[in-house]
Amino acid sequence: MQPFALERYFSKYEFSTKHILSASDCESLTMQELLSMADEESQSLWNSLKLSYTETLGHPLLLTEIAKLYRAIPPSQVLVAAPEELIFMAMQSLLSKGDHVIVTTPAYQSLHEIATSIGCLVDRWELHPTVDGWTLNLQFLADHVTDKTKLILVNFPHNPTGHHISSEEQRDIIQIARKHNVPLFSDEMYRGAEYRTADRLPPFADEYERGISLWGLSKSFALPGLRIGWLVSKNADFLAKCSRLRDYLTICNSAPGEILGLIALRQREQILQRTRTIIVKNLDIASKFFARHSEFFSWLKPKAGSVAFPILRKNTPIEEFCRNLIERSSLLITPGSLFQYPGNHFRIGIGRIDFPESLAILEASL
Ligand SMILES: Cc1ncc(COP(=O)(O)O)c(C=O)c1O
């Protein structure tokens, strides 16, 4: 497997750079903020929590709470683990050498890298920049999916572009997958971070019988440090395969993470509203900034989620631009080349409360 370029970059700079303008997560809640939201039952679970091993699939109360996020998923069709671990287990369970896979790109690297490392034939379904933002050509999917295709992978709201699809596009994607009876893995990590709740799509796992949905607490729930995510699927064999793999990975979730996750899920509306408020405010600031500096950047307005992928309109290569910002201003933005995407794109994150200050540093450096 190739090194995970984005994670290596963050590992090097995230904790040594003062201003982070590129985080994909949203302003993390503090322990105190989260505990102050606990209802009576979860507070009591927290107070009496024994730091033992936990159940392989996840705490039963947590599974019940997660199932409520879906229209047609019972707790028995949920598997809880760290989001990135779930991607790894899902790909290892679903794919074999020679399988054909289609994946939206640019992408969070594990969505294509694990398939590539297994020896799959990976077709990249590219999003394209236009003057109005990003577009996805559904005809590409219709033209490339065949009876040999073993998996379609999508990710909306999308990292790194902030693109989002409409419910009509979602319906059309499902129709194409269904026609060929292909499983569809939908990375919905940025669900809940739509700018308008009306833009929130139903999870693919609810809409498509072969749909697998991934969500978790790392982005819109503002709790990446808990390392809690979940996969939902109507395919019991698939979930069982993932669980068997898990015995060689984390075995089970951290006991505190599960109870803190339960507290968060029970207060989901409050937490998601907080995230939306931060993002919408930052989006407005970002739109004005990019309008002021259109000679430097093309904004490519995002539609949902906590990231955007504008273009630097200068001859300076984006890696050099980013390196200069780190060295001279201690400001972290991510070059688009880490997503193996051509052009001078870079990723910014709009989920942090210090976004205006970080953006002001970028402005001063121009
Ligand atoms: C699209 C996408 N999927 C999955 C993940 C993995 O989430 P986590 O880092 O919480 O494991 C990320 C993290 O950035 C992501 O952007």
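Check the entry above for the structure.
About the criteria used
- Residues numbered from 1 in each chain as written.
- Predicted model: local features only at pLDDT ≥ 70, side-chain atom pairs only at ≥ 80, totals over all residues.
- Heavy atoms only, no water.
- Axes fitted to C-alpha atoms, helices over the stretch in contact; angles between N-to-C directions.
- Helix = DSSP H or I, 4+ residues; strand = E, 2+ residues; numbered from the N terminus.
- Parallel < 35°, antiparallel > 145°, perpendicular 65-115°, else oblique.
- Contact = heavy atoms within 4.5 Å.
- Nonpolar A, V, L, I, M, F, W, Y, C, P; charged D, E, K, R; others polar.
- Pairing = 2+ DSSP bridges.
- Salt bridge = Lys/Arg side-chain N within 4 Å of Asp/Glu carboxyl O.
- Buried < 20%, exposed > 50% of the residue type's maximum accessible area, 1.4 Å probe, protein only.

### Section: the packing of helix α12 (residues 268-292) against helix α14 (residues 355-365)
Step number 1: In contact at an axis separation of 10 Å, α12 and α14 are set at 10 degrees when each is read in the N-to-C sense. By the criterion of interaxial angle, the relationship of α12 to α14 is roughly parallel. Between α12 and α14, the contacting residues are Asn 282, Ile 285, Ala 286, Phe 289 and Arg 292 on the first element and Phe 355, Pro 356, Leu 359, Leu 362 and Glu 363 on the second.
Step number 2: When its residues are assigned to classes, the contact of α12 with α14 shows seven nonpolar, one polar and two charged.

### Thoughts on the sheet that holds strand β8 (residues 211-216)
Step number 1: Strand order in this open sheet of eight strands is β2-β9-β8-β7-β6-β3-β4-β5, and the pairing throughout is mixed. Two strands bound the open sheet, and with one partner strand each, they are β2 (78-81) and β5 (133-136). Mean inter-strand twist for the sheet, computed between neighbouring axes without regard to direction, equals 20 degrees.
Step number 2: Helix α10 (residues 236-246) rests against β2, β8 and β9 (229-233) of the sheet, and its axis sits at about 25 degrees to β2.

### Section: the pattern of salt bridges
Step number 1: Under the defined criterion, the tally for this structure stands at 14 salt bridges.
Step number 2: The shortest N-O distance in the salt bridge between Arg 171 and Asp 172 comes to 3.5 Å.
Step number 3: Taking relative accessible area as the criterion, Arg 171 reaches 49% and is therefore assigned partly exposed.
Step number 4: For Asp 172, a relative accessible area of 27% gives the class partly exposed.
Step number 5: Residue Glu 209 is joined to Arg 178 by a salt bridge in which the shortest nitrogen-to-oxygen separation is 2.9 Å. Here the residue Glu 209 occupies a position in the loop between α9 (204-207) and β8, and Arg 178 occupies one in helix α8 (residues 167-179), the gap between them amounting to 31 residues.
Step number 6: On the accessibility criterion, Arg 178 (39% relative accessible area) is partly exposed.
Step number 7: Within the structure, one salt-bridge network assembled from shared partners comprises Asp 39, Glu 41, Glu 65, Lys 68, Arg 266 and Arg 268.

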